[in-house]
Amino acid sequence: MLPLTHSAPSTTEPSLLVVPRPEHSVSRTSISPNALKVLYRLHEAGFQAFLVGGAVRDLLLGKTPKDFDIATDAHPDDVDALFRNSRLIGRRFRLAHVRFGREVIEVATFRGKATDNESDQAALLDGDGRILRDNVYGQIDEDVWRRDFTANALYYNIADFSIWDYVGGIRDIRARQLRLIGDTEQRLREDPVRMLRAIRFAAKLGFTIDPAVADIMPELAPLLANVPAARLFDEFVKLFQGGAALASFDALEKSGLFAVLFPDTAAMLDSDSDGHFRRFVTAALVNTDQRIASGQSVTPMFLLGVFLWEPSRQLAAKLAAADGLSPAQALSAAAAQTVLRQTQRIAIPRRFSAPMREMYALQPRFARREGRRAASFLEHRRFRAAYDFYLLRAEAGDTDAESAIAEFWTGVQTMPAAQRRREFGTPDGERSSQGRRRRRRPRRRPPSNHGLRCNAPIGVKAGSFRPK
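Predicted model only: the values in this text are computed from it and were never measured. (Residues numbered from 1 in each chain as written. Predicted model: local features only at pLDDT ≥ 70, side-chain atom pairs only at ≥ 80, totals over all residues. Heavy atoms only, no water.)

(A) Here's a closer look at the overall build of the protein chain. Secondary structure assignment for the protein chain yields 21 helices and 12 strands. Split into buried and exposed, the 468 residues of the protein chain put 46% on the buried side. Of the contacts formed within the protein chain by residues at least 6 apart in sequence, a portion of 65% connects residues at least 24 apart. Element-wise, carbon and sulfur atoms account for 48% of the exposed surface of the protein chain, whose accessible area totals about 24200 Å². (Helix = DSSP H or I, 4+ residues; strand = E, 2+ residues; numbered from the N terminus. Buried < 20%, exposed > 50% of the residue type's maximum accessible area, 1.4 Å probe, protein only. Contact = heavy atoms within 4.5 Å. Areas by Shrake-Rupley, 256 points an atom, 1.4 Å probe, with all protein chains shown as cover.)

(B) Geometry of the nonpolar core. Counting 117 residues, the largest nonpolar core has Phe 240, Phe 307 and Trp 409 as its most contacted members. Top contributing element to this core by residue count: helix α15 (residues 300-323), with 11 residues. Apart from residues lying up to four places away in sequence, Trp 409 is in contact with Arg 365, Phe 366, Arg 368, Arg 369, Ala 374, Phe 377, Leu 378, Phe 383, Tyr 387 and Phe 424. Ranked by size, the runner-up nonpolar core spans 13 residues in total, among them Phe 50, Phe 110, Ile 140 and Tyr 166. (Core = buried A, V, L, I, M, F, W, Y, C linked by side-chain atoms within 4.5 Å.)

(C) Summary view of helix α19 (residues 383-395). With 13 residues, α19 should cover 18 Å at 1.5 Å per step; its first-to-last C-alpha distance of 18 Å lies within 8% of that length. When we look at burial in α19, the residues that qualify are Phe 383, Ala 385, Ala 386, Tyr 387, Phe 389, Tyr 390, Leu 392, Arg 393 and Ala 394. Positive backbone phi, at 85°, marks Gly 397, one or two positions downstream of α19. (Expected span 1.5 Å × (residues − 1).)

(D) Main features of helix α10 (residues 229-240). With 12 residues, α10 should cover 16 Å at 1.5 Å per step; its first-to-last C-alpha distance of 16 Å lies within 8% of that length. For α10, the full list of buried residues reads Ala 229, Leu 232, Phe 233, Glu 235, Phe 236, Leu 239 and Phe 240. Looking down the long axis of α10, one finds its buried residues gathered within 165° of arc, a one-sided arrangement. In the core, the buried residues of α10 are packed alongside α7 (193-205), α11 (245-255), α12 (257-261), α14 (276-293), α15 and α17 (350-362). (Arc of directions from axis to C-beta.)

(E) Geometry of the pairing of strand β2 (residues 49-52). Side chains of β2 alternate between two faces, with Ala 49 and Leu 51 and Phe 50 and Val 52 buried alike. The sheet contact formed by β2 and strand β3 (residues 69-72) spans four bridges and is antiparallel. What sits directly across from Leu 51, in β3, is Ile 70. Where β2 meets strand β9 (residues 154-157), three bridges bridge the pair, whose relative direction is antiparallel. (Pairing = 2+ DSSP bridges.)

(F) Looking closely at empty space enclosed by the protein. As enumerated under the stated definition, the model contains one cavity of 30 Å³ or more in all. Roughly 30 Å³ of volume is contained in the largest cavity. What lines the largest cavity is simply Leu 196, Leu 232, Glu 235, Phe 236, Leu 239, Leu 261, Phe 262 and Ile 346. Top element by residues in the lining of the largest cavity is α10. It accounts for four residues. (1 Å grid on protein atoms, 1.4 Å probe; cavity = no way out; pocket = protein on both sides within 12 Å on 5 of 7 lines; lining within 4 Å. Points joined across faces, edges and corners; volume = space filled by probe spheres on them.)

(G) Just the packing of α15 against helix α16 (residues 327-342), in detail. Where α15 contacts α16, the axes come no closer than 8 Å and their chain directions differ by 130°. Judged on the interaxial angle alone, α16 and α15 are oblique. The crossing of α15 and α16 is right-handed. Residues Leu 308, Trp 309, Pro 311, Ser 312, Arg 313, Leu 315, Ala 316, Leu 319 and Ala 320 of α15 touch α16, and the partners they reach there are Ala 330, Leu 331, Ala 333, Ala 334, Ala 335, Gln 337, Thr 338, Val 339, Arg 341 and Gln 342. Its residues assigned to classes, the contact of α15 with α16 shows 13 nonpolar, four polar and two charged. (Axes fitted to C-alpha atoms, helices over the stretch in contact; angles between N-to-C directions. Parallel < 35°, antiparallel > 145°, perpendicular 65-115°, else oblique. Left-handed = near helix turned anticlockwise from the far one by under 90°. Nonpolar A, V, L, I, M, F, W, Y, C, P; charged D, E, K, R; others polar.)

(H) How the structure looks around unusual backbone geometry. At Phe 161, a position not held by glycine, the phi torsion is positive, near 65°. The phi dihedral of Arg 176 falls on the positive side, at around 55°, and the residue is not glycine. Take Arg 176: it is sitting in the loop between α5 (169-175) and β11 (177-178). Judged by its relative accessible area of 36%, Arg 176 falls in the partly exposed class.

(I) Local environment of the confidence of the model for the protein chain. Per-chain confidence: the protein chain averages 87 in pLDDT, with 83% of residues scoring 70 or above. Throughout residues 1-12 the model reports pLDDT below 50, and contacts reaching past four residues in sequence, or to other chains, amount to 29 contacts. (pLDDT = per-residue confidence, 0-100.)

(J) Up close: the sheet that holds β3. Judged by pairing direction, the sheet is mixed, and its eight strands sit side by side in the order β1-β10-β9-β2-β3-β6-β5-β4 without closing on themselves. On the outer flanks of this sheet lie β1 (17-19) and β4 (86-89), each paired with one strand and no other. Neighbouring strand axes in the sheet, compared pairwise and without regard to direction, differ in orientation by 30° on average. Sitting on the sheet, helix α1 (residues 33-44) is in contact with β2, β3, β5 (95-100) and β6 (103-109), with an inclination near 35° to β6.

(K) Quick peek at the side chain of Arg 194. Inspection of the secondary structure assignment puts Arg 194 in helix α7. Owing to a relative accessible area of 6%, Arg 194 belongs among the buried residues under this scheme. A polar atom in the side chain of Arg 194 sits 3.2 Å from the side chain of Glu 190. (Polar contact = N/O pair within 3.5 Å; in protein donor to acceptor, adjacent residues only side chain to side chain.)

Written as structure tokens, this is what we have:
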């Protein structure tokens, strides 16, 4: 049983509560063996070594941590010297990554207080208070104030297996509350991504966000526009591929953050008079959560395609009318423009944007259900993604996606080959979704000199030609 007695955290002086091993539920058997190797080696080398952050929080909640991060008083160069399999990374704050096959253990040196002195080469803030550089090292009682939420500021000491709690993190975990450490506005200005992290943790863990944080997020939401687009893409993946996509979306909308991340999508949702686009988005989010819960794979491409569909479709209609493009061409061109605008807020790697455009361009093909081209559609490499997309559209009541068409394509995927050919109206022997193209008689070719042992001129009998 975890103790509940803890004074309210101060914003000036840390108050340490040490929870001995018999009084908490964290066991070494639940910690990654590779993380234990790093912890023990640091400890044996004379350094302090703590498992820290989300790993301690999840272990106290009875969950399996995804990552095991370590905090130490060893500097990055010290860590690098101890581990041959380590690599130093980071500009804003240097870290050591110790690699064990596919598992990476992140080791960070205790951080000290950042300053806003631009002449200080170790720490630098921008005009909005956002931290640009953060290579300031310190002690553990300084490091705790550099962490974001109390629930993420717990330290598991490998020296005696106790948990160190400076800010009431154990109490907040018991109360299932997400609370920032220190001054709320200052901490959110230092790193606006903390607003996204608050929503992600609350949705994932079933926590409530401290009203002091929730109330100020709409006011500070525009600060996200200053965050690098590549970092926001990483946060997008964590938000929507962690098993709580629908809850994250609802919280993002309520806080005003979604409109900053996806301005075109938010505008379409606001003007969605018949509600079909919102139903489409909701159905996709529910489907994503179900797939993750059942252990199925998900890709950011699909959900990005859902969010950007309505802006792209409306633009495609204008392009088709103005330039005379086919529906597939218009959708592909519109998607390119929509993605270009979206990447100003969230970077979308080409490995996701290219197949998304292809998935869009395939949507008109579902209307054609007869002939060899329709039959061959089943073999297209993007058919499954395009089919799932069309199915969700039909379920949401999209006027361009008919339920009867969706049912047809659902049925033909499980039919025997002969029945499938009849459905598509392709006669036996012609190419179908599983049949082979009828073998053609090879075309006769003119005679050649292949096989002659000499380069005799055409028409001269081999062996009769002799060079002079």
